[in-house]
Amino acid sequence: MKSTHIRLRRTCVAVAAASVLITPVAAGSAYGVSDPPSASLSASAAASASASPSPDTGAAFVRLTPAVAARLDAAVRQVMKETGVPGATVGLWAPGKGSYLRSFGVADKATRAPMTAGLHVRIGSETKTFTVTALLQLVDRKKVALDDTIGRYVKGVPNGDRITLRQLAGMRSGLFNYSLDPNFIKKLQADPEQPMTPQQLLDYAFKNPVQFEPGAKFDYSNTNLILLGLVVEKITGRPLHDVVQRDVLEPAGLHHTVFPTGAALPDPYAHGYTDQTASGKTEDATRWNPSWAWAAGAMASDVQDLRSWARTLATGTLLTPASQAERLKTTPMDIPGAGYGLGIFDVQGWIGHNGSIPGYESLPVYLPQAKATMVIVLNTDSQTGGQEPSTLFGAAVTGIVSPGHVYPGHKPLAPKGG
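Since the structure is predicted, the reported quantities are computational estimates derived from the model, not experimental observations.

Some points on the pattern of salt bridges
The final tally for this structure, using the stated rule, is 9 salt bridges. Notably, a salt bridge pairs Arg162 with Glu213, separated by 2.6 Å at the nearest N-O pair. Separated by 51 residues along the polypeptide, Arg162 in the loop between helix H3 (126–140) and helix H4 (165–169) and Glu213 in the loop between helix H6 (198–206) and helix H7 (222–236) bring together distant segments of the chain. Overall, the relative accessible area of 39% leaves Arg162 in the partly exposed class. Judged by relative accessible area, which is 45%, Glu213 ranks as partly exposed. Across the pair Arg238 and Asp242 runs a salt bridge, and its minimum N-O distance is 2.9 Å. It is possible to trace a salt-bridge network through shared partners that takes in Asp147, Arg166, Glu326 and Lys329.

Now the structure itself:
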């Protein structure tokens, strides 16, 4: 699958890719705003995950003892070494099993300021979970129905009289992903600090042919979320950032999460680094304007808010049981044990979404069997061997703490050389 963060599909940006679980493209891959995770582990990550079995291997989640913490430290450092990630924070929490919260590396390569858990980062396609939650709240209020067609709310959408809001939220619309359009990529790379409007993004998408008939299959597309953001705005009569703030963030108690209307990150923040540049060289993307990702990937948050949100999202606190049940009905993705619902995925039991946008990646997920939460944030989206860095970290960590629920969707394998 294309990355999960479902990755913004990086598309070219030199064609970059965003990720979702498996590795779709998200808000910007080629410009990756997030795609699903990639389906394979690096040799050393696999080795870390499979070495010295954890004491509670029969349990959904092991006890986070000092010995397990030491293994986690070593695994994270190994993946950082392999991937060249400047800074990472990894958090794990499980009732009765303990907690683990560590930061590694630097938040700013120029000053060498350390990475810490309290820093804001861009969260890429995790934004999709907030946009779809806002939509489902409107479903609960009977202001809209999931089987309404997008043509009722937004004019000019190819197949708009047949594509439903459910298909948009479930990545089954068949609409081309604007962040894979070569002209979009060229414009973004030429001036990544420029603002873009939702209509500009749709124009890039609609200049390309539809990919398949509505509902025929799963295909990660940031275009879907831009349309859903416009639906939310039309029904509420309010800007999307205001709806998310007042109707989602405040009820969820998230005080360090923002839907920005400009390029600034809230203080304090980690600098973000990307190789999705015109030259292909790594640059500081901290001040790049995320408006090009809008409802698909523009938001920012910190580790503790992401921890809280992962549980809220997976348990449906802000929705009726009926809407949450609809959200969690999944369509199979490209790897065993992985499925995509309505702006959410289930990968080997871990429920949530990943996020990727130039400079940053995030992976906040929840394992209901153990009531366990995992949050991983990184200050780069640069891939290693075609793999999203957040996927490699997620695989290494879950291979240790939840060997029956390994994030990439497969059991850890011993390296086969090379």
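Next, the rest of the story.
Quick notes on unusual backbone geometry
Omega for the bond connecting Asp267 with Pro268 falls within 30 degrees of zero, at -15°, which places this linkage in the cis form. Residue placement: Pro268 occurs in the loop between helix H8 (240–252) and strand E4 (273–274). One non-glycine residue, Lys142, lies in positive phi territory at about 60°. Judged by relative accessible area, which is 74%, Lys142 ranks as exposed.

As for the environment of Asn159
With respect to the helices, strands and loops of the structure, Asn159 is situated in the loop between H3 and H4. The contact partners of Asn159, leaving out residues within four places of it in the chain, are Val210 and Pro214.

Considerations on the layout of surface pockets
Of the volumes computed, that of the largest pocket is approximately 220 Å³. Of the residues that constitute the lining of the largest pocket, the class distribution is 8 nonpolar, 6 polar and 1 charged.

Here's the deal with the packing of H3 against H7
At their nearest, the axes of H3 and H7 sit 10 Å apart, and the two run at 40° to each other. It follows that H3 is oblique to H7 by the angle criterion. In this structure, H3 crosses over H7, and the sense of that crossing is left-handed. Counting all contacts with H3, which are made through Lys128, Thr131, Val132, Ala134, Leu135 and Leu138, the residues of H7 involved are Asn222, Leu225, Leu228, Gly229, Val231, Val232, Ile235 and Thr236. Tallied by class, the residues present in the contact of H3 with H7 amount to 9 nonpolar, 4 polar and 1 charged.

Thoughts on the pairing of strand E12 (residues 360–367)
Regular strands place their side chains on alternate faces of the sheet. E12 sits mainly inside the fold: 8 of its 8 residues count as buried. Residue alternation in E12 divides its side chains into two sets, Tyr360, Ser362, Pro364 and Tyr366 and Glu361, Leu363, Val365 and Leu367, and both sets are buried. Relative to E12, strand E11 (residues 355–357) runs antiparallel, the two being bridged by 3 bridges. Looking at E12, one finds that Gly355 is bridged to Ser362. The turn linking E11 back onto E12 is made up of 2 residues, and Gly359 within it adopts a positive phi angle of 105°. Here E12 runs beside strand E13 (residues 372–378); their pairing, made up of 7 bridges, is antiparallel. Considered in E13, the bridge of Leu367 is made with Ala372. Taking the residues that link successive antiparallel strands as the turn, the E12-E13 hairpin has 4 residues, and the phi of Lys371 there is positive, at about 50°.

The rules behind each value
Residues numbered from 1 in each chain as written. Predicted model: local features only at pLDDT ≥ 70, side-chain atom pairs only at ≥ 80, totals over all residues. Heavy atoms only, no water. Salt bridge = Lys/Arg side-chain N within 4 Å of Asp/Glu carboxyl O. Helix = DSSP H or I, 4+ residues; strand = E, 2+ residues; numbered from the N terminus. Buried < 20%, exposed > 50% of the residue type's maximum accessible area, 1.4 Å probe, protein only. Contact = heavy atoms within 4.5 Å. 1 Å grid on protein atoms, 1.4 Å probe; cavity = no way out; pocket = protein on both sides within 12 Å on 5 of 7 lines; lining within 4 Å. Points joined across faces, edges and corners; volume = space filled by probe spheres on them. Nonpolar A, V, L, I, M, F, W, Y, C, P; charged D, E, K, R; others polar. Axes fitted to C-alpha atoms, helices over the stretch in contact; angles between N-to-C directions. Parallel < 35°, antiparallel > 145°, perpendicular 65-115°, else oblique. Left-handed = near helix turned anticlockwise from the far one by under 90°. Pairing = 2+ DSSP bridges.

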